[in-house]
Amino acid sequence: VRGVNFEAVLRVEEDEANSKRNASKREVEDDLGLSMLIDSQNNQYILTKPRDSTIPRADHHFIKDIVTIGMLSLPCGWLCTTIGLPTMFGYIICGVLLGPSGLNSIKSIVQVETLGEFGVFFTLFLVGLEFSPERLRKVWKISLQGPCYMTVLMIAFGLLWGHLLQIRPTQSVFISTCLSLSSTPLVSRFLAGSVRGDKEGDIDYSSVLLGMLVMQDVQLGLFIAVMPTLIQAGVSTYSSIFKEILRILILIGQIMFSLAAVFLLCLVIKTYLIGPYYRKLHTESKGNKEILILGITAFTFLMLTITELLDVSMELGCFLAGALISSQGHMVTEEIMCCIEPIRDFLAIIFFASIGLHVFPTFVIYELTVLLFLTLSVVIMKFVLAVLVLSLILPKTSQYIKWIVSAGLAQVSEFSFVLGSRARRAGIISREVYLLILSVTTLSLLLAPALWRAAIMKCVPRPERRSST
């Protein structure tokens, strides 16, 4: 059969593994336990559908994997917090230690990654929940123009380098878009103690930076939605250039139609449904937060399902669910965030640990010189592009803040891990490119605090500097 590889596997029944029990062939055939397959490389797979579904069963490999990740992630995250690094690095290190490049103790890799996907869903839901039009009101022109110009310039540079290095255009576009995003959680931590007020009539750097990051989060949702089209566009099916261009235009038309249908549906939900729905949840959940959590989760999964049915990514549905609920006001946002954030945090640990399963320290060590060069090139390029763009769009009275904002945008967002895993799974990028994206993102996030402190020390007046650092 074309494109199919056959391999003999050993099927072991649950009771066969018990050597103390002498079961006849008939008894084994009638056994109601779980079955396990073992391939030629000694990989073990639990069949998820038992013969008798009336008997409750559990995949003990998966339970042990989650328990191990939960225990080891604490000291790893604690260590990173102690030395001033984001805790997600600790969770990635946890995955490295338990994965194939470390102790190789994780047996249910697919199940761990599947559970980690829910961490992505709830993370994007909270990103949408924090999306506030009020934040953009004062600096909406800068927030809209800045990220768009930066993304376009990054893609242009990416296509140029891709042409020189003979990289496929779809892969070049994907890599450039990944690198154009900046980390909202990290910059928000930088701004936590900063002074928001400047001279009257001026624009403070925190408003500009947060506004641009919010618009980058919107771009992230849209790019995730467009990824299926990018995958199809990368598969050449026609020899004629005209037919190929026509096919790509049809794909773009399809995604535009799907996005229009999604946003029209969101407008209807926001106008007629979300207000009464939340008020009903709030009334029913007094004294019992379980109803509120379940109602919000069900609404998120509903939006996720709708976007999937409309041939748009599930992640965009989660983002839109958060944005729709945030339209009900600041008090609603705070209440829901307090309920959902602990769930997101636990599932995010599983997601970042699943990323660590695919990181090989030997690759980083062997290619450290190349990785440092690439990271410095990306950070410097993002900084220079941000300075150029902000020089064009900032008012003359606020030009001095371009250096601070550019320093805040110079690193690469941790959502590159999400985009990279999607692209690797879909075959847009190779394994080597995926490891390069992970490594460059990690190193850029490690450099970000030093760059931010340098910009604050150089550009912020002394009274503000004390509170900013």
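These numbers come from a predicted model, not from an experiment.

Let us now look at the pattern of salt bridges. Enumeration over the complete set of coordinates arrives at four salt bridges. Note that Lys-289 and Glu-335 form a salt bridge whose closest N and O atoms lie 3.1 Å from each other. Pair noted here: Lys-289 is in helix 11 (residues 289-309) and Glu-335 is in helix 13 (residues 330-356), with a separation of 46 residues, a long-range link. Overall, Lys-289 belongs to the partly exposed group, its relative accessible area being 42%.

Attention now moves to helix 7 (residues 169-180). Along an α-helix, residues three or four positions apart point the same way, because every turn accommodates 3.6 residues. Along its 12 residues, helix 7 runs 16 Å from first to last C-alpha, staying within 8% of the 16 Å computed at 1.5 Å per residue. Where burial is concerned, most of helix 7 is hidden: 10 out of the 12 residues are buried. Buried residues of helix 7: Thr-170, Gln-171, Ser-172, Phe-174, Ile-175, Ser-176, Thr-177, Cys-178, Leu-179 and Ser-180, and no others.

Before going further, it helps to examine unusual backbone geometry. For Asn-104, which is not glycine, the phi torsion reads 55° and is therefore positive. Here Asn-104 lies in the loop between helix 3 (87-98) and helix 4 (109-129). A relative accessible area of 42% means that Asn-104 is categorised as partly exposed.

We now examine the environment of His-358. Of note, His-358 is situated in the loop between helix 13 and helix 14 (361-366). For His-358, a relative accessible area of 31% corresponds to the partly exposed category. The spatial distance from the C-alpha of His-358 to the C-alpha of Arg-431 is 9.4 Å, given a sequence separation of 73 residues. Leave out the neighbours within four places in its chain, and His-358 touches Glu-113, Tyr-434 and Leu-435.

Our focus in this paragraph is the nonpolar core. Counting residues in each nonpolar core, the largest one holds 110 residues, and the members touching the most others are Ile-69, Phe-125, Phe-174, Ile-325, Ile-336 and Leu-419. Considering every element that reaches this core, the biggest residue donor is helix 13, with 13 residues. For Phe-125, the contacting residues outside a window of four places in its chain are Ile-296, Thr-300, Cys-318, Phe-319, Ala-321, Gly-322, Ile-325, Ile-336 and Ile-340.

Moving on: the side chain of Arg-344. Checked against the element boundaries, Arg-344 lands in helix 13. Using a relative accessible area of 16% as the deciding quantity, one classes Arg-344 as buried. When residues no more than four places from it in sequence are discounted, the contact partners of Arg-344 are Gly-119, Phe-122, Thr-123 and Leu-126.

Within the protein chain, residue pLDDT values average 80, and 85% of them lie at 70 or more. Taken together, the stretch residues 19-32 has pLDDT below 50 and engages in 15 contacts with residues farther than four places along the chain or on a different chain. Contacts from residues 195-201, a stretch scored under 50 in pLDDT, to residues over four places away or in other chains number 14 contacts.

Within the UniProt annotation, "transmembrane region" (unreviewed entry) is assigned to residues 76-98, 118-136, 148-167, 245-269, 290-310, 346-366, 371-394 and 433-452. Between the first and last C-alpha atoms of residues 76-98 the distance is 12 Å; the span itself is 83% helix and 0% strand. From the first C-alpha to the last, residues 245-269 spans 36 Å; its make-up is 100% helix and 0% strand.

Packing of helix 11 against helix 13 leaves a shortest axis separation of 10 Å and a crossing angle of 80°. When the interaxial angle is binned, helix 11 and helix 13 end up roughly perpendicular. Seen from helix 11, the contacting residues are Lys-289, Leu-292, Ile-293, Ile-296 and Thr-297; seen from helix 13, they are Glu-335, Ile-336, Cys-339, Ile-340 and Ile-343. For the contact of helix 11 with helix 13, the per-class residue count stands at seven nonpolar, one polar and two charged.

This part is about the environment of Thr-305. In this fold, Thr-305 is placed in helix 11. Residues Thr-305 and Glu-315, spaced 10 residues apart in sequence, show a C-alpha to C-alpha distance of 9.9 Å.

Here we take up the packing of helix 13 against helix 17 (residues 415-426). Between helix 13 and helix 17, the least distance of the axes is 11 Å, while the angle of their chain directions is 60°. On the basis of their axis angle, the class for helix 13 and helix 17 is oblique. For the crossing formed where helix 13 meets helix 17, the hand is left-handed. Side by side, helix 13 and helix 17 meet where Phe-351, Phe-352 and Ile-355 of the first sit next to Phe-417, Val-418 and Ser-421 of the second. Of the residues belonging to the contact of helix 13 with helix 17, the class tally is five nonpolar, one polar and no charged.

Calculation rules
Residues numbered from 1 in each chain as written. Predicted model: local features only at pLDDT ≥ 70, side-chain atom pairs only at ≥ 80, totals over all residues. Heavy atoms only, no water. Salt bridge = Lys/Arg side-chain N within 4 Å of Asp/Glu carboxyl O. Helix = DSSP H or I, 4+ residues; strand = E, 2+ residues; numbered from the N terminus. Buried < 20%, exposed > 50% of the residue type's maximum accessible area, 1.4 Å probe, protein only. Expected span 1.5 Å × (residues − 1). Contact = heavy atoms within 4.5 Å. Core = buried A, V, L, I, M, F, W, Y, C linked by side-chain atoms within 4.5 Å. pLDDT = per-residue confidence, 0-100. UniProt positions renumbered as here; feature names shortened; annotations may be inferred. Axes fitted to C-alpha atoms, helices over the stretch in contact; angles between N-to-C directions. Parallel < 35°, antiparallel > 145°, perpendicular 65-115°, else oblique. Nonpolar A, V, L, I, M, F, W, Y, C, P; charged D, E, K, R; others polar. Left-handed = near helix turned anticlockwise from the far one by under 90°.

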